[in-house]
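# Report on the structure
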Amino acid sequence: MTARTERPGHLLEVDDLHVEFITRRGVAQAVRGVSLHVDAGETVGLVGESGSGKSVTSTAILGMVELPGRIVSGDVRWRGESMVNGPGAARRAAAVRGKEISVVFQDPMTSLNPLFTVGAQIAEVLRFHLGMSRRDASNRAVELLDLVGIPNPRARARQHPHEFSGGMRQRALIAMALACEPKLLIADEPTTALDVTIQAQILELLTELQAALGLAVLLITHDLGVVAGLCHRVEVMYAGRLVERASTRDLFGTPQHPYSAGLLASTPRLDERLARLVAIDGVPPDPRAPAPGCAFEPRCSISGHRCTEEDPELVTFAAGRAVACWERAAGGGADRD
Amino acid sequence: MTEAVTGAEAQPLLDVRELSVRFPVASGFFGRSTREVFAVDEVSFTIGRGETLGLVGESGSGKTTTGRAVLRRLPVTSGEIHFRGQDITAVKGKELRGLRQHMQLVFQDPYASLNPRMSVQDIIAEPLIVHGRARSTREALPRVHELLRLTGLPEDAAGRYPQAFSGGQRQRIGIARALVIDPELIIADEPVSALDVSIQAQVVNLLQDLQQELGLSYLFIAHDLSVVRHISDRIAIMYAGRIVETASSDAIYEAPRHPYTKALLSAVPIPDPDVAAQRTRIVLSGEMPDVVDPPASCRFATRCPYRQPERCDTETPPLRAVDGGQWVACHYAEDIDAGRIRPSYEPTPAAP
Amino acid sequence: MSRARGVVADLWRDKFAFLAVLFLLVLVLAALFAPLVAPHDPAAQSLAGRLLPPGWSKGGDWSHPLGTDNLGRDVLSRVIHGSRVSLTVGLAVVLFSGLLGVGLGLLAGYRGGRLDAVVMRAVDTQTAFPGLLLALTILAALGPSVTTVIVVLGLNGWMVYARVARATVLSIKEMPYVEAAEVVGCRPRRVVLRHIFPNLVSPVMTLAILELARIVLTEATLSFLGVGIQPPDTSWGLDVAIGKDYVYSAWWLVTFPGLAIALTVLSVNLSASWLRVYTDPEERDKQFAALAIAAEGRSR
């Protein structure tokens, strides 16, 4: 395939992914045709509010979609090889997960097993994926705890999760995630449950690690402030679809999709004090009954005739910029109103 | 220190003086224990009519406990609480229930704060029934509908159950319940933390509108400084059970005096990549200490970049007035301002 | 109406549970209308028609479909009337011990402190006693009758309700909506009745159903041992006792009452099991999704 030689393959590629949840009250379309990619060394933010489908997307990438959910169609490829379709896909996913792609979840309390020491849990990853001996794995676990900035790592490795504070637990999880030197780290709301000053520490840590290890990061969050400080580029999701893709600077400076603009406008900023916050009226749609047209249309201030009838495609209108909006795609690149 | 954080009036609606709430640490076999957690330590502030005081702190700071103590849901260990000119520090039983007509609470969790087996109209009508202003939900319906309108909920919401509503709408129901008996003070305990950003904005706007319309006072407890800055007239910053700084919202942001406030502000993410790149980030090491039987010292000393060998570890700094109408609990606030004391790190500019 | 239809449809998916519920319905109807349904008077003796085998056997008579016992009494009628006793005793005991146990557990959980400690110690203490032995002793001493059986079994079984109620109350008490009720100004009585109690119903109901099965079995045991239901009243356990001397010569005397006990207990357990899944939305969804996907696979 000439494609391979002309363009270096993406590390992670999600291709027209559709995920649904079968419930007694109807089938919920959680992810409706999402395509994105992550390349080596870059930090991509996947932004959306609850119901946007961002967490389901990350679950699907990891091959962890369980009943009542399932992947209906589409593909997830790691270094060109599918982890969803075809023979050996599930096996490949299991081998890659934890080793080449690792995850850090939101709630460190429930992600760590309270019965085992932190050191043992990290060592388990090393022994399972890299076949290290017990002693080597133990030592490496201590090194990893040191890498993530936990003081007295040797003593800490022998402690149990409940003896760690929230911020330290999250660091321990990051250490576990980095154990096998993954190429991609998926961080699903890694700092949402943490205090602001601890959040700053963790984000600082992620930035350092990324620079030092050349890690690619897929950061899933609803917090635009975190995205602004950490990500190179951003994918915005709404109601199961991608509605905008841009570099961080472009998205914050000239957001094209009305939802992106609305989200930015309604985020209160510490350095600004407005008389009144700008809210987006209405609520997200019911995933069991997606409208035939654009899902954002009921809440959109610039919706036009076509918007109620056809769901807009994600259209690339400039290098690295895409938007799924009938009104914007026509005059792409327009300044923010 | 009641002049501490007064709004302009002579008699504020709420006047908290040296409030302390202490809990005994797990008692021994025979029930005797001398160790105590100083959850709230000599906290003083006032709230005037129609005013919003933002109470900010991280987990363990004591802000939630302070709110519950003001509501008299927790016993007060020492200090006083004056509300509507009356000393309510030791009130209980029937008198306390009567007090509830004037002081209400909006909860953080919109999902768990509404009884799933009660319809919306039952939930909103209950306070009226409990305080004898209506004999049944039916009788209270006109007022219920008034509240639904006021909080932006649809008319037909009355007969439905909380499960049918989204997080933002449930929070509106909770607000309606809190307002139905015309209280003067609302204690809002992280009222928007559990909501999506675009919904947060709706609810914050609603709270502001209601304040305008009904002349409410708010004690707005939160950890999200951006939201607090927006809605509050004045802000009090708590750390390890004590108030470390109080000032107007603008002053807190433009001229923070306490080292913790500075660090807190620098840690708040700002949704603007250019600003984010240019900020100086003060990253604190370590975590907030547990305050069990604390010695006389500044609680923040263990993490303070400006810590000095004299006084910081031996004397607890009182909350005192500094120029500009601000109150700070730091021995060296003026020295730090004047640049006579430098921080122990070089503030690292954030990486692009 | 469509809700009822939904329940029936859901029930139909689990064939065993469906049969179980059907059986229980038949049982309840039989118990209610026993005098109308039973072909004969269960106490009517007939020396001539003693030990007749079931209708389909050689020598059997279809006017006595399940045969007759050693006194010529119709087995089918006795089984039908016996259901009355079993269900009455079962429901009465569940009600009695349920109210007692839930009441105490509720108080203990809500008030806490001394009251809680006292109630829980009482629970622990009484649980340590061998229940059946205690029941036997008391019944032997007081002389057995339907009422005594109900009281004794009731006093024996309240502890488990107390434990479940207390545990549930403790967890509900922490819910913000209970705090909201208190902050709004509700008195403790209203908080308990309006906010806590309704949420107790579900876990207690599941427990009660399982207890019903246990009580039916226990009553049968007591009657079998002679300290439960006394003749001329009819009880399945009693009939098994009577029939035990004829196991080899007239197997139908033991079999049909025994079968009635077994089927009742089995049906109750299957229904409770189905109910547990039915009332857990997560489990239902998973089951639903699995079935839907399987159906899709079949139709391809």
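Summary of the structure given here. This one's a predicted model, so the numbers in the text were calculated from it and none came from an experiment. In this convention, every chain numbers its residues from 1, walking through the sequence in written order. Here every chain gets a letter starting at A, and every ligand a number starting at 1, in the order they are written. Where local features are concerned, this predicted model is filtered to residues with pLDDT of at least 70; where side-chain atom pairs are given and counted, the filter is 80 or more; whole-chain, interface and lining totals use all residues.

## Let's talk about the overall build of chain C
- Counting its secondary structure elements, chain C contains 13 helices and zero strands.
- Sequence-ordered secondary structure for chain C, helices as α and strands as β, is α-α-α-α-α-α-α-α-α-α-α-α-α.
- Any residue with 12 or fewer other C-beta atoms within 10 Å of its own C-beta is exposed, any with 20 or more is buried, and the rest are partly exposed; the C-beta atoms used are placed from the backbone. Here chain C holds 300 residues, and the buried ones make up 37% of them.
- Look at the contacts in chain C between residues 6 or more apart in sequence, and 67% of them connect residues 24 or more apart. Secondary structure elements follow DSSP: runs of H or I no shorter than four residues count as helices, runs of E no shorter than two count as strands, and numbering proceeds from the N terminus. Contact between two residues is assigned whenever their backbone-derived C-beta positions fall within 7 Å.

## Things to note about helix 1 (residues 63–70) of chain B
Residues and elements named next belong to chain B.
- Most of helix 1 is tucked away, with eight of its eight residues classed as buried.
- Here helix 1 has its buried residues at Lys63, Thr64, Thr65, Thr66, Gly67, Arg68, Ala69 and Val70.
- After helix 1 finishes, the residue Arg72 shows a positive phi value of roughly 65°.

## A word on helix 5 (residues 167–179) of chain B
- Given a rise of 1.5 Å per residue, 13 residues ought to cover 18 Å, and the 19 Å separating the end C-alpha atoms of helix 5 of chain B matches this to within 8%.
- Of all 13 residues that make up helix 5 of chain B, twelve are buried, and the element is covered over most of its length.
- Those residues of helix 5 of chain B that fall on the buried side of the exposure criterion are Gly168, Gln169, Arg170, Gln171, Arg172, Ile173, Gly174, Ile175, Ala176, Arg177, Ala178 and Leu179 of chain B.
- Tucked inside the fold, the buried residues of helix 5 of chain B contact strand 6 (103–106), helix 3 (120–130), helix 4 (137–150), strand 7 (185–189) and helix 6 (197–214) of chain B together with helix 8 (176–184) of chain C. Given a helix with a known number of residues, its expected span is that number minus one, times 1.5 Å.

## A word on the sheet that holds strand 2 (residues 26–38) of chain A
Residues and elements named next belong to chain A.
- Taking strand neighbours across the sheet as the criterion, the four strands line up as 2-1-4-5 in an open arrangement whose pairing is antiparallel. Strands at the two margins of the open sheet, each flanked by one partner only, are strand 2 and strand 5 (81–82).
- As paired elements, strand 1 (residues 12–23) and strand 2 share ten bridges and run antiparallel to each other. Looking at strand 2, one finds that Glu13 is bridged to His37.
- Its contacts with the sheet put helix 2 (residues 54–61) on strand 1, strand 2 and strand 4 (69–78), and the angle it makes with strand 1 is roughly 115°. Only when DSSP finds a minimum of two bridges between them are two strands counted as paired. Only the contacting stretch of a helix is used when fitting its axis, a line to C-alpha atoms as for every element, and angles between N-to-C directions run 0 to 180 degrees.

## Here we look at the interface of chain A and chain B
- Counting residues at the interface gives 40 residues for chain A, matched by 38 residues for chain B.
- For this scheme, ten residues count as nonpolar: Ala, Val, Leu, Ile, Met, Phe, Trp, Tyr, Cys and Pro. Four count as charged, namely Asp, Glu, Lys and Arg, and the remainder, Gly too, count as polar. Across the side of chain A that touches chain B, the residue classes tally to 17 nonpolar, 14 polar and nine charged.

## Some thoughts on the interface of chain C and chain B
- Facing twelve residues of chain C, the contacting portion of chain B comprises 18 residues.
- Among the elements of the structure, helix 8 and helix 9 (188–196) of chain C are those that each provide at least two residues to the side of chain C that touches chain B.
- When its residues are assigned to classes, the side of chain C that touches chain B shows eight nonpolar, three polar and one charged.

## Description of the nonpolar core
- Ranked by size, the top nonpolar core spans 271 residues in total, and within it Ile122 and Ala175 of chain A together with Leu219, Phe220 and Ile237 of chain B carry the most contacts.
- Counting residues per element, this core draws most heavily on helix 4 (residues 75–111) of chain C, at 13 residues.
- If we skip the residues at most four places from it in the chain, Phe220 of chain B touches Thr52, Leu53, Gly54, Leu55, Ala188, Val228, Ile231 and Ser232 of chain B. Think of a nonpolar core as buried Ala, Val, Leu, Ile, Met, Phe, Trp, Tyr and Cys residues, each tied to the set through C-beta atoms within 7 Å.

## Things to note about the pairing of strand 7 of chain B
All names here are of chain B.
- Taken across its five residues, strand 7 has five buried, putting it largely inside the fold.
- The alternating pattern of strand 7 places Leu185, Ile187 and Asp189 on one face and Ile186 and Ala188 on the opposite face, and all of these are buried.
- In the sheet, strand 6 pairs with strand 7 via four bridges, with the strands oriented parallel. The residue bridging Gln104 from the neighbouring strand is Ile186, located in strand 7.
- Where strand 7 lies against strand 8 (residues 217–222), five bridges are found, and the strand directions are parallel. By the bridge assignment for strand 8, Ala188 is matched with Phe220.
- For crossovers, right-handed means that the path from the first strand over the helix to the second runs clockwise, given strands pointing away from the viewer. One crossover worth recording links strand 7 to the parallel strand 8 by way of helix 6, and it is right-handed.

## Side note on the sheet that holds strand 4 (residues 78–83) of chain B
Residues and elements named next belong to chain B.
- Judged by pairing direction, the sheet is antiparallel, and its four strands sit side by side in the order 2-1-4-5 without closing on themselves. Looking at strand neighbours, the two that pair on one side only are strand 2 (36–47) and strand 5 (86–87), the edges of this open sheet.
- Strand direction decides the pairing type here: strand 1 (residues 14–24) and strand 4, joined by five bridges, are antiparallel. When the sheet's bridge partners are listed, Arg17 is paired in strand 4 with Glu80.
- Across the sheet, helix 1 is in contact with strand 1, strand 2 and strand 4; its angle to strand 1 comes to roughly 115°.

## So, the packing of helix 3 of chain B against helix 4 of chain B
All names here are of chain B.
- As a packed pair, helix 3 and helix 4 sit with axes 9 Å apart at the nearest point and diverge in direction by 110°. Comparing their axes, helix 4 and helix 3 come out roughly perpendicular. Here helix 3 contributes Gln121, Asp122, Ile124, Ala125, Leu128 and Ile129 to the contact with helix 4, which in turn contributes Thr137, Ala140, Leu141, Arg143, Val144 and Leu147.
- Its residues assigned to classes, the contact of helix 3 with helix 4 shows eight nonpolar, two polar and two charged. The scheme is simple: roughly parallel for angles under 35 degrees, roughly antiparallel for over 145, roughly perpendicular for 65 to 115, oblique for anything else.

## Concerning unusual backbone geometry
- A cis amide bond, omega 5°, links Leu67 of chain A with the succeeding residue Pro68 of chain A.
- Inspection of the secondary structure assignment puts Pro68 of chain A in the loop between helix 2 and strand 4.
- One non-glycine residue with positive phi stands out, namely Glu18 of chain B, at about 45°.
- Structurally, the position occupied by Glu18 of chain B is in strand 1.
- Residue Asp182 of chain B is not a glycine yet carries a positive backbone phi of 60°.
- Note on placement: Asp182 of chain B falls in the loop between helix 5 and strand 7.
- Of the residues examined, Asp182 of chain B has 13 C-beta atoms within 10 Å and is grouped as partly exposed.

## Let's talk about the environment of Thr148 of chain C
Residues and elements named next belong to chain C.
- Mapped onto the fold, Thr148 is located in helix 7 (residues 146–173).
- For the pair formed by Thr148 and Ala135, sequence separation is 13 residues and the distance between their alpha carbons is 9.8 Å.
- With residues near it in sequence (within four places) discarded, Thr148 still touches Leu139 and Leu142.

## Looking at the packing of helix 5 (residues 118–130) of chain A against helix 8 (residues 166–178) of chain A
Residue and element names in this part refer to chain A.
- It is the contact of helix 5 with helix 8, at a shortest axis distance of 8 Å, that shows an interaxial angle of 20°. Considered as vectors, helix 5 and helix 8 are oriented roughly parallel to each other. Crossing of helix 5 over helix 8 shows right-handed handedness. Where helix 5 abuts helix 8, its residues Val118, Gln121, Ile122 and Val125 lie against Ala172, Ala175 and Met176.
- Across the contact of helix 5 with helix 8, the residue classes break down as six nonpolar, one polar and no charged. In this scheme the handedness of a crossing depends on how the near helix is turned from the far one: anticlockwise by less than a right angle means left-handed, clockwise means right-handed.

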